[in-house]
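# Descriptive structure summary
Chain by chain, the residues:
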Amino acid sequence: MIIKKLGWFSMVLLLLVWGCNDCEECVTTVDAPRVSFVFLNQTSLDTLNTDLGAIDASLTELQTMATSLTASNVTLDSLLDSLTARIARGMIELRDDSMATANKIEANNQLLTSNAESQNSLNTERSDLTSIIATVESGNLLVDTVTNIETGTFQTFADSATAYKLPLDPNNAAISYAFSIASMEYDLTVTYTTSTSQSARRNILVGAENIAYTTTSFDSVRVDPETNNTNATTTIYCSF
């Protein structure tokens, strides 16, 4: 009985080994290479940075004014103390000077209050602006549609993202995309070389390297890293 069981076990084991070694009977899949795209709205970024520079200039001016008013009040406070002491000693003719000095101090204090409110308002605006700039610099935006120009196939997106990972054509050395962003159209042709390998599960892995671009309607394009290999994650930065 034991010998019979061992015989069945050996037969099943041989079938399993035979089935796995026969590659024609294995199901294989092809993993195509992909590349990530990051889109930077350089026009908006330039405008935002200009606005940020204007805010910083205004804050510097307000701080200079506040420093001057504070220094003026120090001098005026000292003068008022002196006038008050002299009036107490009977020099009543200095009362008008004392009143004028007190009024200047009060006027300066009102200007300092207004100055502080303006600085607080500008600092809040600056904080909001730097947050927007950080978002724009990250590339977080909505790409409405991406179209493969050669095949006409397209993808649509409902949510914004900082990077869009798109497939390359493993059967060609170049692919052209059209991007629809905020009702504007842009295009980019990506070139690359491919290589193939096989995983332990016999899946065919297609890698891409020497990724570059040829034609584009974007203002500027940067490929990172410039030197890449099949295992690297290549990101293309597109400014518009």
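Here's what I pulled together on the structure shown here. (Residues numbered from 1 in each chain as written. Predicted model: local features only at pLDDT ≥ 70, side-chain atom pairs only at ≥ 80, totals over all residues. Heavy atoms only, no water.)

## Regarding the overall build of the protein chain
The number of helices and strands found in the protein chain is three helices and ten strands. Ordered by position in the sequence, the α and β elements of the protein chain form the string α-β-β-α-α-β-β-β-β-β-β-β-β. Here the protein chain holds 240 residues, and 28% of them are scored as buried. Of the roughly 15,200 Å² of accessible surface on the protein chain, a fraction of 55% belongs to carbon and sulfur atoms. (Helix = DSSP H or I, 4+ residues; strand = E, 2+ residues; numbered from the N terminus. Buried < 20%, exposed > 50% of the residue type's maximum accessible area, 1.4 Å probe, protein only. Areas by Shrake-Rupley, 256 points an atom, 1.4 Å probe, with all protein chains shown as cover.)

## Brief notes about the environment of L40
Structurally, L40 can be placed in strand β2 (residues 34-40). Taking the C-alpha atoms as reference points, L40 and V221, 181 residues apart in sequence, are found 9.8 Å from one another. Non-local contacts of L40, meaning those with residues more than four positions away in its chain, are made with V136, E137, S138, G139, Y237, C238, S239 and F240. (Contact = heavy atoms within 4.5 Å.)

## Concerning the pairing of strand β5 (residues 164-167)
Alternating residues of β5 divide into Y164 and L166, all buried, and K165 and P167, none buried. Strand direction decides the pairing type here: β2 and β5, joined by four bridges, are antiparallel. What sits directly across from S36, in β5, is K165. (Pairing = 2+ DSSP bridges.)

## What about the packing of aromatic side chains?
Taken as a whole and judged by the stated rule, the model has eleven aromatic pairs. Here the aromatic rings of F37 and Y177 are separated by 5.7 Å at their centres, their planes lie at 80 degrees, and the arrangement is edge-to-face. Residue F37 is located in strand β2, and its partner Y177 is located in strand β6 (residues 174-181); the two are separated by 140 residues in the primary sequence. Of the two residues, F37 and Y177, neither departs from the other in class, the shared state being buried. Plain terms: the ring middles of Y186 and F240 are 5.2 Å apart, the flat faces sit at 55 degrees to each other, and that makes the pair tilted. With Y186 in strand β7 (residues 184-198) and F240 in the segment after β10 (235-239), this residue pair connects regions lying 54 residues apart in the sequence. Looking at Y186, the relative accessible area reads 13%, which means it is buried. An aromatic cluster is present here, built from F37, F39, F157, Y164, Y177, F179, Y186, F218 and F240 joined pairwise through their rings. (Phe/Tyr/Trp six-rings, centres within 6.5 Å; stacked < 30°, edge-to-face > 60°.)

## Some thoughts on the nonpolar core
Nonpolar side chains in soluble globular proteins tend to end up buried together. Counting 25 residues, the largest nonpolar core has F37, F39, F179 and I236 as its most contacted members. For this core, the secondary structure elements donating two or more residues are β2, β5, β6, β7, β8 (204-216), β9 (220-224) and β10. Excluding its chain neighbours within four sequence positions, the residues that come into contact with F37 are T162, A163, Y164, L166, Y177, F179, L188, V190, I236 and C238. One finds L52, I55, L62 and L129 within the second-largest nonpolar core, a separate group that totals ten residues. (Core = buried A, V, L, I, M, F, W, Y, C linked by side-chain atoms within 4.5 Å.)

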